[in-house]
Amino acid sequence: MEINYRWKKSYKTAKYPIRQPRWLTWLIWVLSKFALIGKKYKLETIDMEGLEPPYIIFSNHMAFIDFELSAMVTYPKRVNNVVNIDGYHRMPWLLTWIGSICTRKFTNDIHLVKSVRRVVENGDILCLYPEARYTPIGTTSFLPDSLGPW
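Residues numbered from 1 in each chain as written. Predicted model: local features only at pLDDT ≥ 70, side-chain atom pairs only at ≥ 80, totals over all residues. Heavy atoms only, no water.

Caption draft 1: Focus on the sheet that holds strand 1 (residues 55–58). In space, the four strands of this open sheet follow the order 1-4-2-3, with parallel pairing throughout. Among the strands making up the open sheet, the edge pair consists of strand 1 and strand 3 (101–103). With strand direction ignored, the average angle separating the axes of adjacent strands in the sheet is 20°. Of the strand pairs in this sheet, strand 1 and strand 4 (residues 125–128) are connected by four bridges, and their pairing is parallel. If you follow Ile-57 over to strand 4, its bridge partner there is Cys-127. Its contacts with the sheet put helix 2 (residues 65–74) on strand 1, strand 2 (79–84) and strand 4, and the angle it makes with strand 2 is roughly 165°. Contacting strand 1, strand 2, strand 3 and strand 4, helix 4 (residues 110–122) runs over the sheet at an angle of about 165° to strand 3. (Pairing = 2+ DSSP bridges. Helix = DSSP H or I, 4+ residues; strand = E, 2+ residues; numbered from the N terminus. Axes fitted to C-alpha atoms, helices over the stretch in contact; angles between N-to-C directions. Contact = heavy atoms within 4.5 Å.)

Here it is as structure tokens:
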């Protein structure tokens, strides 16, 4: 099988995320509710009473269900997710429309830092999966010191 690289689509990663309209946060919440029907999950918030954006959520990445779960926990607040460019393969317009930030794994990306800053300045929530891999059993992997102080 021959691969045709001539029609390879490139993505503009140096683009600031859009701010979600309020009605879109409601739609994402409703669609997340439907996506979670029949799935066993438990949402638990600890010491989050009175917590108002902006803040950053660091999470391990278990599966695509993580995005639905973060939407359920943070509703009705606006959330911008950092998404690897692999996720933009099928529906880049959708991820751009909901305010995702496109990046590449394990690269130095100054525009990602600028995008994170813009999300925080807008007063929104940033959801970041620093391990950049799936961990179905919930264990963490090695996180380099360059990610910041823990």
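On we go from here.
Caption draft 2: Spotlight on the side chain of Thr-74. Along the chain, Thr-74 falls in helix 2. Judged by its relative accessible area of 5%, Thr-74 is buried. Polar side-chain contacts of Thr-74 include one of 2.6 Å to the backbone oxygen of Ser-70. Among all residues touching Thr-74, those that are not within four sequence positions of it are Tyr-55, Ile-57, Val-79 and Ile-125. (Buried < 20%, exposed > 50% of the residue type's maximum accessible area, 1.4 Å probe, protein only. Polar contact = N/O pair within 3.5 Å; in protein donor to acceptor, adjacent residues only side chain to side chain.)

Caption draft 3: How the structure looks around the pairing of strand 4. Bridging between strand 2 and strand 4 involves three bridges; their strand directions are parallel. If you follow Asn-81 over to strand 4, its bridge partner there is Cys-127.

Caption draft 4: A look at the environment of Ile-28. Residue placement: Ile-28 occurs in helix 1 (residues 22–35). Spatially, the C-alpha atoms of Ile-28 and Glu-68 are 8.1 Å apart, while their sequence positions differ by 40 residues. Look past the residues within four positions of Ile-28 in its chain and what remains in contact with it is Gln-20, Ala-71 and Ile-98.

Caption draft 5: Expanded view of the packing of aromatic side chains. If you walk through the whole model with that rule in mind, you get two aromatic pairs. With a centroid separation of 5.0 Å and an interplanar angle of 25°, the aromatic rings of Trp-29 and Tyr-75 are classed as stacked. With Trp-29 in helix 1 and Tyr-75 in the loop between helix 2 and strand 2, the pair connects residues that are 46 residues apart, well separated along the chain. Take Tyr-75: its relative accessible area is 32%, and that puts it in the partly exposed class. In this arrangement the basic side chain of Arg-118 is found over the ring face of Tyr-16, its NZ or CZ atom lying 3.7 Å from the centre. (Phe/Tyr/Trp six-rings, centres within 6.5 Å; stacked < 30°, edge-to-face > 60°. Lys NZ or Arg CZ within 6 Å of the ring centre and 35° of its normal.)

Caption draft 6: Looking closely at the nonpolar core. Grouped together as the largest cluster of nonpolar side chains are six residues: Val-82, Ile-101, Leu-112, Val-116, Val-119 and Leu-126. Considering every element that reaches this core, the biggest residue donor is helix 4, with three residues. The residues touching Leu-126, leaving out its near neighbours within four places in the chain, are Tyr-55, Ile-56, Ile-57, Asn-80, Val-82, Ile-101, Val-116 and Val-119. Tyr-55, Ile-125, Cys-127 and Tyr-129 belong to the second largest nonpolar core, which has five residues in total. (Core = buried A, V, L, I, M, F, W, Y, C linked by side-chain atoms within 4.5 Å.)

Caption draft 7: Broad picture of the packing of helix 1 against helix 2. At a closest axis distance of 9 Å, the pairing of helix 1 and helix 2 adopts a crossing angle of 125°. It follows that helix 1 is oblique to helix 2 by the angle criterion. Like other packed secondary-structure pairs, helix 1 and helix 2 cross with a definite hand, here left-handed. Of helix 2, the residues touching helix 1 (which contributes Ile-28, Trp-29, Ser-32, Lys-33 and Ala-35) are Glu-68, Ala-71 and Met-72. Looking at the contact of helix 1 with helix 2, its residues break down into five nonpolar, one polar and two charged. (Parallel < 35°, antiparallel > 145°, perpendicular 65-115°, else oblique. Left-handed = near helix turned anticlockwise from the far one by under 90°. Nonpolar A, V, L, I, M, F, W, Y, C, P; charged D, E, K, R; others polar.)

The values reported here are purely geometric and, on their own, carry no functional implication.
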